[in-house]
Each structure stands twice: as structure tokens, then as C-alpha cells.
Amino acid sequence: MAGRKTNLNQLRILAVLLKEPNLSRASDLLGVSQPTLSSALKQLREEFDDTLLVRVGNRMELTTKAKSLREPLNDIFDAVDRLWLLESSSPESANRDIVIGTTDYGTALTASRLRNELQKSAPGISVQYVDVVETKELINRENELDFYLVPDSICHSPVFQDFKYIPLFEEEMVYLVHESNPLAELSADEIETRPEVSFATFHVGYERYSSITRQVIAEFEQGRKIDLRIQQWSLLPMLAEETNSVVLMPRGLAEKLADKFSCKIIGSMNPAVGFTYCLMWDRVYQSDKIHEFVRNIFKKMYPR
């Protein structure tokens, strides 16, 4: 196989001959001379060790081997045509699915804005958000994901040293309670002095998780009395509404959902806990026009 000399142009000639087994008409379709076509056919016969076309009376007919090549050649040139279409089409007119791995926090903060921006500038680009809450899942789904929305601690991990990223916005953890909760009248500092106060917050789940995730979780739990942990950031305000727990969650999401659940942000966690939220991608996509276009959309959404 390695010694074969057939190139894409010769395969294109073969594909035309299989559809139009007449040298004169095939040469017209291809825009080449008959001697050039005959020379190419000779080499193709040698490469495939088959006559491919045989004369029967006054016409040429395909051999069994030639007939078996029709479908594979069609698949090859359909794929080639799609590649050229991707290369030549502008992002604004492209049809493409983009898959983003993140938690429900990333989805809640970015999905609507991204969709609205794409609807205006590139309606053919669709986006699918998939739930990825753990570092090892990011690795396992590497070939499925176009982008990752993650805290900067993930981006700085040696596991993702071959990835690129851009910071989108700064985030901080805050205390959230329901308006009817007596703790709503306290300050953030006072909350920390009450040993009886219990907290609810996010957790990655029951499975074992990485040292990176452990470090991040330990930072905002900090020995607090956590009596309820769930795997969905966006459900935490509901817990504040239905329990007397103080919820620990990112400010951006708390501000987005507080009014919907009649909740109140007491203030920033003390001591402060913050992170930078980032868009991350594999370097193999760096020169992809559609990827670059989507990256620029994110930059427009979150100017720094």
C-alpha cells in the first residue's frame, strides 16, 4: 500500500470513468486530452491490478472490481467536497455544531447570550452544552468537545498544558439565603461567627474526583458545617428557598436567580474565595475558522 503512486487527481479520473465509461466523453468532462486520460487509465490498471474497463463491441463496460470501487470513491469525494466547503465558507454562512463541556453554572451564565449572538451573526452555527463536572470527564471526552468552560485552576493543570484558553470574567463566592430566613438580616461577617449555621453548596458527585477538584472544593468549604451538597449549581437557590441553610454559590449565578426564588445575597464569603472563569480549547482547533469565530463571540460577550 505504501508503494502506490495513485494520487487524488487520478482517483478523480477513475471516479468519472466509472460514471462515464467512454474515453471521449470522460475527457470532455474532465477537461483533459484523451492521451492524458489513456495514460492515467493505464496507471490505474496497474495500481489496482485490474483492467477496470473492458471493450464489449463498440462500448466500454466496467469490470466487477471497477463496480466495487464506485461507492468508496463516491464517499471519498463527498468527504473532499465537504472539506473544501468548510475551508471556503465563511463562519457567517457555515453550518456547524459546536459542543461545549461545562457544568450547569457555565450553561446558565453563557448559553442564552451565546445563542443570541450567533442568531444575529451566524445562524447556521448551533451549540450543544454537555454536562461535565469533573476533570477526568474533560479528559475522557476530549475528542467530543470543541470548547470547555472551566475555572482557571483547570486551565493551569499540567493535564491541560497543551490546551489554550482565554479568561472571560472574574467570579466570587457569596452567601445566599431566602428573604424569610432570619439569617437574611445578618452581615457576612456575622454569618461566620454563628457556629449553628449550616451551609449548602455544590459538589461534583459520588465518584472519586481529582486533586484539582478537591483543592477547589476545600477552598470554599473551609471547615464550614456543610449539611447539604448537590451536583447542580442552579438548584442551590431553590434549597435556600426551602430550607434554612445558607447557600454558598458564585455571585454571577446568584444574581441571575435570586429574584426568581425570593432570595437575598448577604455578601461575599469571608475570607474571600474567587476564581476566573475561562474558555479553553485544544490547540488542534487553533486555526479552525469556526472556532476562531466562536472565540471572538465569547470575547465580545465578556470584554476585558
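**Considering the overall build of the chain**
Counting its regular elements, the chain contains 12 helices and 11 strands. The buried share among the 304 residues of the chain stands at 45%. In the chain, the share of contacts with a sequence separation of at least 24, taken over all contacts with a separation of at least 6, comes to 74%. Of the roughly 16,600 Å² that the chain leaves accessible, carbon and sulfur atoms contribute 49%.

**Things to note about the packing of aromatic side chains**
Counted under the stated rule, the structure contains 12 aromatic pairs. Ring plane angle 70° and centroid distance 6.3 Å describe the contact between F147 and W281, whose orientation is recorded as edge-to-face. With a gap of 134 residues between them, F147 in strand β5 (residues 147-151) and W281 in strand β11 (residues 274-282) connect regions that are remote in the sequence. This pair shows no difference in class: F147 is buried, exactly as W281 is. Here the aromatic residues Y105, F169, F202, W233, F275, Y277 and Y302 are joined through ring pairs into a cluster of three or more. Against the face of Y302 rests R113, its NZ or CZ located 4.6 Å from the ring centre.

**Considerations on the pattern of salt bridges**
Should the charged atoms of two oppositely charged side chains come close, the side chains can pair. Within this structure, the stated rule accounts for nine salt bridges. Of the charged contacts, one joins E255 and R251 as a salt bridge, the two residues approaching to 3.7 Å between their closest N and O atoms. Taken together, the residues E255 and R251, both in helix α11 (residues 251-257) and four residues apart, mark about one turn of the helix. One network of salt bridges, in which partners are shared, links E117, K120 and K300.

**So, the nonpolar core**
In terms of nonpolar packing, the biggest core is built from 60 residues, with Y175, I191 and F298 touching the most fellow members. The element that contributes the greatest number of residues to this core is strand β6 (residues 163-178), accounting for eight residues. If you look at the next biggest cluster of nonpolar residues, it comprises 21 residues, including L14, A15, L17 and L53.

**Notes on the environment of F48**
Within the element layout of this structure, F48 appears in helix α3 (residues 34-48). Counting along the chain gives 17 residues from F48 to K65, while the straight-line C-alpha distance between them is 8.6 Å.

**Side note on unusual backbone geometry**
Look at L52: it is not a glycine, yet its phi comes out positive at around 65°. Along the chain, L52 falls in the loop between α3 and β1 (53-56). Positive phi is not limited to glycine here, since S262 has a value of about 55°. Residue S262 is classed as partly exposed on the basis of its relative accessible area, which comes to 32%.

**Things to note about the packing of helix α1 (residues 8-19) against α3**
Between α1 and α3, the shortest axis-to-axis distance is 10 Å and the interhelical angle comes to 95°. Here α1 is positioned roughly perpendicular relative to α3, judged by the angle of their axes. Along the contact surface, α1 presents Q10, L11, I13, L14 and L17, while α3 presents L37, A40, L41, Q43, L44 and F48. When grouped by side-chain class, the residues that make up the contact of α1 with α3 number nine nonpolar, two polar and no charged.

**A short note on helix α2 (residues 23-30)**
The opening residue of α2, the one whose side-chain oxygen lies 3.1 Å from the backbone nitrogen of S24, is N22. Trailing α2 by a residue or two, G31 shows a phi angle of about 75°, which is positive.

**Thoughts on the pairing of β6**
Pairing analysis gives nine bridges linking β6 to β11, with the strands arranged antiparallel. Its bridge partner lying in β11, E171 is registered against F275. Where β6 lies against strand β9 (residues 246-250), four bridges are found, and the strand directions are antiparallel. Residue pairing in the sheet places M173 in a bridge with P250 of β9.

**Overview of helix α12 (residues 289-301)**
For an α-helix the count is 3.6 residues per turn, leaving residues at separations of three or four pointing the same way. Under the 1.5 Å per step criterion, the end-to-end length of α12 is 18 Å for 13 residues, consistent within 8% with the ideal 18 Å. Taken together, the buried residues of α12 touch β3 (96-102), α5 (104-121), β4 (125-131), β5, β6 and β11.

**Looking at the pairing of β4**
Bridge count for β3 against β4 is seven bridges, and the pairing is parallel. Within the sheet, the bridge partner assigned to G101 lies in β4 and is V130. With α5 bridging β3 and the parallel β4, this β-α-β connection has right-handed handedness.

What counts as what
- Residues numbered from 1 in each chain as written.
- Predicted model: local features only at pLDDT ≥ 70, side-chain atom pairs only at ≥ 80, totals over all residues.
- Heavy atoms only, no water.
- Helix = DSSP H or I, 4+ residues; strand = E, 2+ residues; numbered from the N terminus.
- Buried < 20%, exposed > 50% of the residue type's maximum accessible area, 1.4 Å probe, protein only.
- Contact = heavy atoms within 4.5 Å.
- Areas by Shrake-Rupley, 256 points an atom, 1.4 Å probe, with all protein chains shown as cover.
- Phe/Tyr/Trp six-rings, centres within 6.5 Å; stacked < 30°, edge-to-face > 60°.
- Lys NZ or Arg CZ within 6 Å of the ring centre and 35° of its normal.
- Salt bridge = Lys/Arg side-chain N within 4 Å of Asp/Glu carboxyl O.
- Core = buried A, V, L, I, M, F, W, Y, C linked by side-chain atoms within 4.5 Å.
- Axes fitted to C-alpha atoms, helices over the stretch in contact; angles between N-to-C directions.
- Parallel < 35°, antiparallel > 145°, perpendicular 65-115°, else oblique.
- Nonpolar A, V, L, I, M, F, W, Y, C, P; charged D, E, K, R; others polar.
- Polar contact = N/O pair within 3.5 Å; in protein donor to acceptor, adjacent residues only side chain to side chain.
- Pairing = 2+ DSSP bridges.
- Expected span 1.5 Å × (residues − 1).
- Right-handed = clockwise from strand over helix to strand, strands pointing away.

That's the geometry; what it means functionally is another story.
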